[in-house]
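# Structural overview
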Amino acid sequence: MRSRSKKTERDNEKKSLEKRNRLLLNYIKEKVNQLLRVMGTKPLREDELSDDDLINFDPIGIIAESFEQVLENLRESNRKLQTARDHLQAIFDTAGVGISIVDRDLRIITCNEKQKELLVRDVTDIDGRHCYEVYCGIDSPPLICPAIETLETGRSVLLKEVTKKGRTFQIATSPLKNNQGEITGVIEVSMDITEKKLAEEARRQSEKLIAVGQLAAGIAHELNNPLGNIIGYAKLILKENNLPPSVKERVNVIIEQAKRGNEIIKGLLEFSHQKFPQLRMSSIDSCIESALHSLEDMIEKNKIKIIKNTDNLPHLMLDPQQISQVVHNIVLNAIQATGKNGIIKITGYVKDRFLEVAIEDNGPGIPEEFRHRIFEPFFTTKPVGKGTGLGLSICLEIMKKHGGDIKLQSKKESGATFILSFPLRN
Ligand SMILES: Nc1ncnc2c1ncn2[C@@H]1O[C@H](COP(=O)(O)OP(=O)(O)O)[C@@H](O)[C@H]1O
Ligand SMILES: [Mg+2]
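Residues numbered from 1 in each chain as written. Chains lettered and ligands numbered in written order. Predicted model: local features only at pLDDT ≥ 70, side-chain atom pairs only at ≥ 80, totals over all residues.

Taken as a whole, helix H7 (residues 194-239) carries its principal kink of about 30° at Asn-224; the proline Pro-226 stands between one and four residues after it. By the burial criterion, the buried members of H7 are Leu-209, Ala-216 and Ala-220. (Bend = angle between axes of the 7 residues up to and from the residue. Helix = DSSP H or I, 4+ residues; strand = E, 2+ residues; numbered from the N terminus. Buried ≥ 20, exposed ≤ 12 C-beta atoms within 10 Å, placed from the backbone.)

Let's shift gears to the site of ligand 1. Among the 21 residues in the neighbourhood of ligand 1, the closest are listed as Ala-337, Thr-380, Gly-387, Gly-391 and Leu-392. If you list the elements that add at least two residues to the shell around ligand 1, you get helix H11 (320-338) and helix H13 (391-401). When its residues are assigned to classes, the shell around ligand 1 shows nine nonpolar, 10 polar and two charged. (Near = placed C-beta within 6 Å. Nonpolar A, V, L, I, M, F, W, Y, C, P; charged D, E, K, R; others polar.)

For the protein, the mean per-residue pLDDT works out to 86, and 92% of the residues sit at or above 70. Helix H2 (residues 51-56) is the least confidently modelled element of the protein, averaging 64 in pLDDT, while strand E7 (residues 305-309) averages 97, the highest of any element. (pLDDT = per-residue confidence, 0-100.)

Turning our attention to the domain arrangement of the protein. The parts lose accessible area when they come together, and the size of an interface is often stated as this lost area. As far as domains go, the protein holds domain 1 (2-89), domain 2 (96-192), domain 3 (198-272) and domain 4 (280-423). A C-alpha centroid distance of 43 Å is found between domain 2 and domain 4. (Domains from an automatic or database assignment.)

To continue, consider helix H9 (residues 284-294). Each full turn of the α-helix corresponds to 3.6 residues, which orients residues three or four apart in the same direction. Those residues of H9 lying buried are Ile-284, Cys-287, Ile-288 and Ala-291. On an axial view of H9, the arc spanned by its buried residues comes to 95°, and they lie on one face. Packed against the buried residues of H9 are strand E6 (280-282), E7, strand E8 (316-318), H11, strand E9 (343-351) and strand E10 (354-361). (Arc of directions from axis to C-beta. Contact = placed C-beta atoms within 7 Å.)

A word on the pairing of strand E1 (residues 98-103). With burial as the criterion, only one face of E1 is covered, namely that bearing Gly-98, Ser-100 and Val-102; the residues Ile-99, Ile-101 and Asp-103 on the opposite face remain uncovered. Relative to strand E5 (residues 183-192), E1 is paired through six bridges, and the arrangement is antiparallel. Each bridged residue has a counterpart across the sheet, and for Ile-101 the counterpart in E5 is Ile-187. (Pairing = 2+ DSSP bridges.)

Attention now moves to the packing of H11 against H13. In the contact formed by H11 and H13, the axes pass within 9 Å of each other and the chain directions differ by 150°. Crossing of H11 over H13 shows left-handed handedness. Listed contacts from H13 to Gln-322, Gln-325, Val-326, Asn-329, Ile-330, Leu-332 and Asn-333 of H11 are Gly-391, Leu-392, Ile-394, Cys-395, Ile-398 and Met-399. Residue composition of the contact of H11 with H13, by class: eight nonpolar, five polar and no charged. (Axes fitted to C-alpha atoms, helices over the stretch in contact; angles between N-to-C directions. Left-handed = near helix turned anticlockwise from the far one by under 90°.)

With respect to the secondary-structure elements, Glu-356 resides in strand E10. Taking the C-beta count within 10 Å as the criterion, Glu-356 has 18 such neighbours and is therefore assigned partly exposed. Distance in space between the C-alpha atoms of Glu-356 and Ile-406 is 9.4 Å, their sequence separation being 50 residues. When near neighbours in sequence (up to four residues on either side) are disregarded, Glu-356 contacts Tyr-349, Lys-351, Ile-419, Leu-420 and Ser-421.

Here it is, written out as structure tokens:
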């Protein structure tokens, strides 16, 4: 009886031990699974490990292995991030537009190379400085600032035309937002539209030129005959005997004024004729000589010193009459600009694949605000009757028809230098 009750006691003890063991093993299993979940590894399946296996289970080993896996994943993500970052940086740096990112205080966080090239003025250390200091050269934000407008409104802003460092830009700003959608800064993009603007200007100019040419031709033909008649009849009056001196004087004024009108008409006709050049192998030096010859009286009267160095230049296919006219117009302008005792230098040289002729005077030069207009037909700063404003536009037309160009060198403070360039064809 006693031994029976002892056996029951032992059985009960064994059962309770087994129950405790099972609980313990379940606990371990649960904890291991939790650990595996944290490590990003799949949890154990029910049948995967027997209780015995679990007892031999090596949690430290699993953790180490999982760490290794996590580290490898991290390295891989890092590599991908670095590649994406490199790609982004390359796009950022090679974009044809200037890009900079500023914070809410308008301090530059970063900017690309193009932005530095386009807008930065004499500043080396850019990061952390205010964009208006670095890009606009001022101590406080300007009155019209697209970045401030973007910060205030949260919208993108476009400034269609801004002039900086002598070039024209379009500037666009967009808000930079964080994950919560708060604006943390502004992305500023600047695009240089100088060339585009010049091309548009040139197109407008040539359209205007065509229209003006047609109009000029019409007017010139209409006026030519009456003016010829006025001069003819006035000359007839002068031939009359016993003409009182006061009448003679007045008739001379009529002739003089009519001749002036004739000069303008000549200019208009030259301008509107747009003759195609009769090209032949010619010496540029002889064109210059012929132009100077036609201005001889004026050069002498004004005691102008001409320093000419245009010998030994290669001959070119050109229309000598037209090129003489170009040189004539430019030298005439130079004489008018310098007045008495002026100095005019004419120098010819070969540069790259062009023959260039520089015509330089020591007159007052051309004010900055007129420089872009001097080739426009009818643009003149001379008093009525003195200038028609057609000289340079005719020169430009002729040079373009020769495949060449004419440019005003604008670096000089005073004096004007016009450069004629002719392409050399081998
Ligand atoms: N050498 C020069 N120095 C100063 N200004 C010049 C010179 N050449 C041209 N200009 C300016 O360009 C303008 C246009 O010249 P042009 O087309 O020849 O017309 P015009 O001589 O009839 O005025 C001139 O009125 C003058 O203002
Ligand atoms: Mg002129």
